[in-house]
Amino acid sequence: AGRVLMALEEAGQRLRQTNTGPTMLRLLIVGLRRSGKSNLIHALVKDLSGSRWAAVGVEQPTATHVTDFGRVRTSPNTVLHLIAVRAEKRFWSVWQHCLPEAIGAVFLVNPPTEATIEHLRAFLRAKDMLARNIPVHGVMPSPETGEKPAISLDDLAMDVSMGTLETQSLRLEVLDQLLQKAL
């Protein structure tokens, strides 16, 4: 976690424009309904918070839309905001609001189906229009031993990690790789 915290502080220093408060770094956690967005946010907050100020919560602006979020103050000058964003194409307006201010996005390819890939392609097209330079990192469940992945993501312009979100080393590796690309 130390390396990730240093990268977050470096990103904050690069984005800091004045000394009037902490720099907010927005990281989007993108996926379909029940893909693990909330679990990843809670786990990353736990991974990064240590003795630092941290919070997780839910915002429910409408009866049908809930947004999970996490905040970790990584230093006096830097706050990481983790925001769950639905990947279905109908959430275009949320993408318009969130993408331009983000430093990166983690896309949870869960379940690994063709329908998920179609939503991922739509999200990547939106990202290219709204925030071309932000990196996107995919996370896909590992196939059973000896089996091939259910789908291929080789033709997409993003890094992909395979594994389970319950593994702290995977979570921190994904965040580290994303931050290295963002810097």
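Right above here is the structure, for reference.
A brief structural summary.

Conventions used here
Residues numbered from 1 in each chain as written. Predicted model: local features only at pLDDT ≥ 70, side-chain atom pairs only at ≥ 80, totals over all residues. Heavy atoms only, no water. Helix = DSSP H or I, 4+ residues; strand = E, 2+ residues; numbered from the N terminus. Buried < 20%, exposed > 50% of the residue type's maximum accessible area, 1.4 Å probe, protein only. Contact = heavy atoms within 4.5 Å. Areas by Shrake-Rupley, 256 points an atom, 1.4 Å probe, with all protein chains shown as cover. Expected span 1.5 Å × (residues − 1). Polar contact = N/O pair within 3.5 Å; in protein donor to acceptor, adjacent residues only side chain to side chain. Pairing = 2+ DSSP bridges. Right-handed = clockwise from strand over helix to strand, strands pointing away. Phe/Tyr/Trp six-rings, centres within 6.5 Å; stacked < 30°, edge-to-face > 60°.

1. Brief notes about the overall build of the protein chain
Working step 1: From N to C terminus, the protein chain includes 5 helices and 7 strands.
Working step 2: Moving toward the C terminus, one meets the helices and strands of the protein chain in the order α-β-α-β-β-β-α-β-α-β-β-α.
Working step 3: Among the 183 residues that make up the protein chain, the fraction classed as buried is 50%.
Working step 4: In the protein chain, the proportion of contacts linking residues at least 24 apart, taken out of those at least 6 apart, comes to 64%.
Working step 5: Surface summary for the protein chain: the accessible area is close to 9700 Å², and the carbon and sulfur share equals 49%.

2. Notes on helix α2 (residues 37-49)
Working step 1: Spanning 13 residues, α2 covers 18 Å between terminal C-alpha atoms, matching the ideal 18 Å at 1.5 Å per step.
Working step 2: Taken residue by residue, α2 has Lys37, Leu40, Ile41, Ala43, Leu44, Val45, Asp47, Leu48 and Ser49 as its buried positions.
Working step 3: Backbone geometry just after α2 places Gly50 at a positive phi near 50 degrees.

3. Here's the deal with the side chain of Thr116
Working step 1: Of note, Thr116 is situated in helix α4 (residues 114-130).
Working step 2: The class of Thr116 is buried, set by a relative accessible area of 1%.
Working step 3: Polar side-chain contacts of Thr116 include one of 3.0 Å to the side chain of Thr113.
Working step 4: With residues up to four places along the chain from it excluded, the contact list for Thr116 reads Leu32, Phe107, Val109, Asn110 and Pro111.

4. Brief notes about the pairing of strand β5 (residues 102-108)
Working step 1: Across the 7 residues that make up β5, a large majority, 7, are buried.
Working step 2: Examined bridge by bridge, strand β1 (residues 23-31) and β5 share 6 bridges and lie parallel to one another. Directly across from Val30, in β5, lies its bridge partner Phe107.
Working step 3: With 4 bridges joining them, β5 and strand β6 (residues 136-140) adopt parallel strand pairing. The partner of Phe107 across the bridge, within β6, is Gly138.
Working step 4: Tracing the backbone out of β5, into α4 and back to the parallel element β6 gives a crossover that is right-handed.

5. As for the packing of aromatic side chains
Working step 1: Scanning all chains against the criterion turns up 3 aromatic pairs.
Working step 2: Ring plane angle 65 degrees and centroid distance 6.1 Å describe the contact between Trp92 and Trp95, whose orientation is recorded as edge-to-face. Remark: Trp95 and Trp92 occur in helix α3 (residues 92-98); sequence separation between them is 3 residues, near one turn of the helix.
Working step 3: Take Trp92: its relative accessible area is 30%, and that puts it in the partly exposed class.
Working step 4: On the accessibility criterion, Trp95 (2% relative accessible area) is buried.
Working step 5: Relative to Phe123, the ring of Trp95 has its centre 5.3 Å away and its plane inclined at 90 degrees; by these criteria the two rings are edge-to-face. Taken as a pair, Trp95 in helix α3 and Phe123 in helix α4 lie far apart in primary sequence, 28 residues in all. For the pair formed by Trp95 and Phe123, the shared burial category is buried.
Working step 6: Grouped by ring-pair contacts, the aromatic residues Trp92, Trp95, Phe107 and Phe123 constitute a single cluster.

6. Focus on the environment of Gly36
Working step 1: In this structure, Gly36 sits in the loop between β1 and α2.
Working step 2: For the pair Gly36 and Pro111, spaced 75 residues apart in sequence, the C-alpha separation works out to 9.8 Å.
Working step 3: Leave out the neighbours within four places in its chain, and Gly36 touches Leu108 and Leu165.

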